[in-house]
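# Understanding the architecture of this molecule
Residues per chain are reported as follows:
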Amino acid sequence: MAYFLMRCLHHPGVDAKRDEHRPAHRAWVQSGGEGLARVLIGSAILGDEGGIGNFGVLEAASLAHARAFAEGDPFNREGLVSKIEMTPLPDTFQAHRISDPMTPLREEG
């Protein structure tokens, strides 16, 4: 598994649409994009004028899986996202310090 910093920048003026699709976004995060990735931590990103996007630290099998997670997010599918940025994190990233991941660990088997 690898770790990635995901930044999803939103188009301006989509606050109402973001509110409308937030429950579906949260369900997507909870499911890890139906198993594509595990969201360790994430939140909204704020700018001077309010919400401008969201970020997450993802655990995924590959960059392709992490990107598929971001692209499948309802915020992206509904046209809120203007840009998705993925940054691989080093092997020394200390994921164990995140005590309450947003996506539960799935049992293998």
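So, here is what we can say about the structure in this document.

Okay, the overall build of the protein chain next. In terms of helices and strands, the protein chain carries three helices and four strands. Its helices and strands in sequence order give the protein chain the pattern β-α-β-β-α-α-β, from N to C terminus. Among the 109 residues that make up the protein chain, the fraction classed as buried is 37%. Contacts spanning at least 24 positions in sequence make up 75% of the contacts within the protein chain whose residues lie at least 6 apart. When the accessible area of the protein chain is evaluated, it comes to approximately 6600 Å², of which 52% is carbon and sulfur surface. Distance between charge centroids for the protein chain: 1 Å, based on 11 positive and 15 negative side chains.

Let us now look at the environment of Pro 74. Residue placement: Pro 74 occurs in helix 3 (residues 74-77). Along the sequence, Pro 74 and Ala 24 sit 50 residues apart, while their C-alpha atoms lie 6.2 Å from each other. With sequence-adjacent residues up to four places away left out, Pro 74 is seen in contact with Ala 24, His 25 and Trp 28.

Another point: unusual backbone geometry. Located in the positive-phi region is Glu 34, a residue other than glycine, with phi close to 60°. Structurally, Glu 34 is set in helix 1 (residues 15-35).

The topology assignment puts Asn 54 in strand 3 (residues 50-60). Overall, the relative accessible area of 6% leaves Asn 54 in the buried class. Engagement of the side chain of Asn 54 in a polar contact is seen with the side chain of His 10, the distance being 2.8 Å. With residues near it in sequence (within four places) discarded, Asn 54 still touches Met 6, Arg 7, Cys 8, His 10, His 25, Ser 43, Ala 44, Ile 45 and Phe 75.

Enumeration according to the criterion identifies two aromatic pairs in this entry. Judged by centre distance (5.3 Å) and plane angle (50°), the rings of Tyr 3 and Phe 93 are tilted. Pair noted here: Tyr 3 is in strand 1 (residues 2-10) and Phe 93 is in the segment after strand 4 (81-88), with a separation of 90 residues, a long-range link. Classification of Phe 93 as partly exposed rests on a relative accessible area of 27%. Centroid distance Trp 28 to Phe 69: 6.0 Å. Interplanar angle 25°. Geometry classified as stacked. With Trp 28 in helix 1 and Phe 69 in helix 2 (residues 63-72), this pair connects stretches of sequence that are 41 residues apart. Here Trp 28 falls in the buried class, since its relative accessible area comes to 11%.

This part is about the layout of surface pockets. Roughly 360 Å³ of internal volume is contained in the largest pocket. Within the residue set of the lining of the largest pocket, elements represented by two or more residues are helix 1, strand 2 (37-47) and strand 3. With seven residues, helix 1 is the largest single contributor of residues to the lining of the largest pocket.

Conventions and cut-offs
- Residues numbered from 1 in each chain as written.
- Predicted model: local features only at pLDDT ≥ 70, side-chain atom pairs only at ≥ 80, totals over all residues.
- Heavy atoms only, no water.
- Helix = DSSP H or I, 4+ residues; strand = E, 2+ residues; numbered from the N terminus.
- Buried < 20%, exposed > 50% of the residue type's maximum accessible area, 1.4 Å probe, protein only.
- Contact = heavy atoms within 4.5 Å.
- Areas by Shrake-Rupley, 256 points an atom, 1.4 Å probe, with all protein chains shown as cover.
- Lys, Arg positive; Asp, Glu negative; His and termini not counted.
- Charge placed at Lys NZ, Arg CZ, Asp CG, Glu CD.
- Polar contact = N/O pair within 3.5 Å; in protein donor to acceptor, adjacent residues only side chain to side chain.
- Phe/Tyr/Trp six-rings, centres within 6.5 Å; stacked < 30°, edge-to-face > 60°.
- 1 Å grid on protein atoms, 1.4 Å probe; cavity = no way out; pocket = protein on both sides within 12 Å on 5 of 7 lines; lining within 4 Å.
- Points joined across faces, edges and corners; volume = space filled by probe spheres on them.

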